[in-house]
Each structure stands twice: as C-alpha cells, then as structure tokens.
Amino acid sequence: MKIKGLIFDLDGVIVSTEINHFDAWSAIAEQLSIEFNEADNEKIKGLSRSDSLDVICDLGSIQLTYYEKLEYLELKNKMYLDSIQSLNKDDLLPGVLHLLKQAKKKDLKLALGSSSKNAKYILQKLFITDYFDVIIDGNDVESPKPDPEVFLKGAEGMGLNVEDIVVFEDAESGILAAQTGGFYTVAVGNRKLKNCADECIDHLGEFLLKNYE
Ligand SMILES: [Mg+2]
C-alpha cells in the first residue's frame, strides 16, 4: 500500500483525555444515582456526547426529558472543559509529533476525524492545529461513529480515495467506522482490537511511514 493520507482520531490516539471524560461522566452518573464503572466506560468510548448519555441512562433504566438531557450534556461538557484547561504539548501521546512531522515532509495529507465537539480547542492547546489539512469534528457530522461519515468527509476534504488513506483509531466504534468506509485501519493503544483492525500498535511511534512507500 502506498499511503497518500492519514486520518487521526483525537482522543486515545493523539492525546488521552479519557480519564477527564470518565471523571465527568462518573459525576453525572452519580447525580443520576446510576452506578458507572470502568467497564461501563468502555461502552461509551468513541461515542458522541449525546449517545454516551443515552448509554448511561440505559444502565440505570432512567429516561430523561429532552431538557433534562440538554442540561446534563452541558454540565458534563463544562466539567470536562474545566479539567482539560491545562492541557499542553507535553500531553501529546508518544510518537505523535514525530509522525506528523514525517508525514508533512513526505507531502502526505493529514486529517483529524473526531467525534469530539471540542477537537479544535484541544488541537490548539496541543499546538498542532497547523499540521492538519482537514479537521472534521463532532460539529461537522450528522451520523456519529460507527457510521463512516466522519472519515469519508475527511477523505473528501483531502481530495483522496479511501483506499489510499490510513485511519488511526483507539475505539471499536472508530475501527468499525473506518472499515465500513473502506479505509486501511490501524488500532492504537488497544490490543482488544487486534482482531478487527488491519494492524495494531501500542502508540504512533511504532508506525513507520517508510514501510508504506
Ligand atoms: Mg478515540
């Protein structure tokens, strides 16, 4: 395979704010008197904020009104944003910056494909916004992962065919989305995905562009 473009998921691939999400969702679950643990958290990884809240409410067999739901979504986001304020380039996961730089040198197109509505804010905090030709985030898509829309829009923005693009993902919903879209998939930092992704690595530092020329 000769790679022409790379699409990166954000959380769990470029930076890890999983713990920040988990803490915020735990606080919400507690307010709703719903038990929520690390195993439950696996079920919402990669999902949109709204879908995540639905999963948590299902765990407690609770039904919120439309307005209650909006309130909890806003509160969760506020707690999360407060907790990631101090994010900076030291928080980049291993190998990220090196791979971005190498890819730019080789004139590859780079895109972000994230479900997060805070993706642009986080990229700014990490000082890596300028590396990306295309940024597709939770504000740009109608159908969240595992629908391939976020990645297909990334490919379209880069002007490339899906078969020339590698997608890096840490969540099952994201790998499924990329596979459905016809992309080459690399699971990052999640060995449980080794049977469903084309490749599985611990971090981006293990991905060598020279093997795909
Ligand atoms: Mg992720």
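Residues numbered from 1 in each chain as written. Predicted model: local features only at pLDDT ≥ 70, side-chain atom pairs only at ≥ 80, totals over all residues. Heavy atoms only, no water.

> Give me the environment of D90: which residues, what numbers.
Mapped onto the elements of the fold, D90 is located in the loop between α4 (66-83) and α5 (96-105). Along the chain, D90 and C196 lie 106 residues apart, while their C-alpha atoms are 31 Å from each other. (Helix = DSSP H or I, 4+ residues; strand = E, 2+ residues; numbered from the N terminus.)

> Which residues make up the environment of N37, and what are the values?
Relative to the assigned elements, N37 resides in the loop between α1 (18-31) and α2 (38-44). Put simply, N37 and S26 are 11 residues apart on the chain and 7.7 Å apart in space, counted from C-alpha to C-alpha.

> Give a detailed account of the side chain of E169, specifying residues and quantitative values.
Mapped onto the elements, E169 comes out in strand β4 (residues 165-169). Its relative accessible area of 2% is what places E169 among the buried residues. Within the local environment of E169, its side chain forms a polar contact with the backbone nitrogen of A171, the two atoms lying 3.2 Å apart. When near neighbours in sequence (up to four residues on either side) are disregarded, E169 contacts D9, V13, K145, F151, G174, I175, V186, A187 and V188. (Buried < 20%, exposed > 50% of the residue type's maximum accessible area, 1.4 Å probe, protein only. Polar contact = N/O pair within 3.5 Å; in protein donor to acceptor, adjacent residues only side chain to side chain. Contact = heavy atoms within 4.5 Å.)

> Report on the packing of α1 against helix α3 (residues 49-59), specifying residues and quantitative values.
Remark: α1 packs on α3, axes separated minimally by 11 Å, with the N-to-C direction vectors making an angle of 45 degrees. Of the possible angle classes, the one that applies to α1 and α3 is oblique. Taken as a pair, α1 and α3 cross one another with a handedness that is right-handed. Contacts between α1 and α3 involve W25, I28 and A29 on the former and, on the latter, R49, S52, L53 and I56. Residue composition of the contact of α1 with α3, by class: five nonpolar, one polar and one charged. (Axes fitted to C-alpha atoms, helices over the stretch in contact; angles between N-to-C directions. Parallel < 35°, antiparallel > 145°, perpendicular 65-115°, else oblique. Left-handed = near helix turned anticlockwise from the far one by under 90°. Nonpolar A, V, L, I, M, F, W, Y, C, P; charged D, E, K, R; others polar.)

> An account of the pairing of strand β2 (residues 109-113) is requested, with residue identities and associated values reported.
Among the five residues of β2, four are classified as buried, and the element is accordingly described as predominantly covered. In this sheet, β2 lies alongside strand β1 (residues 5-8) in parallel orientation, the contact comprising four bridges. Counted as the bridge partner of L6 is L110 from β2. Strand direction decides the pairing type here: β2 and strand β3 (residues 134-136), joined by three bridges, are parallel. Residue pairing across strands places L112 opposite I135, the latter belonging to β3. (Pairing = 2+ DSSP bridges.)

> Which residues make up the packing of α1 against α4, and what are the values?
Interhelical geometry of α1 versus α4 gives an angle of 145 degrees and a closest axis separation of 9 Å. Two packed elements cross with a definite hand, and for α1 against α4 that hand is right-handed. Taking contact as the criterion, the partners of N20, H21, A24, W25, A27, I28 and Q31 in α1 are, on α4, Y72, L73, L75, K76, M79, Y80 and S83. By residue class, the composition of the contact of α1 with α4 is nine nonpolar, four polar and one charged.

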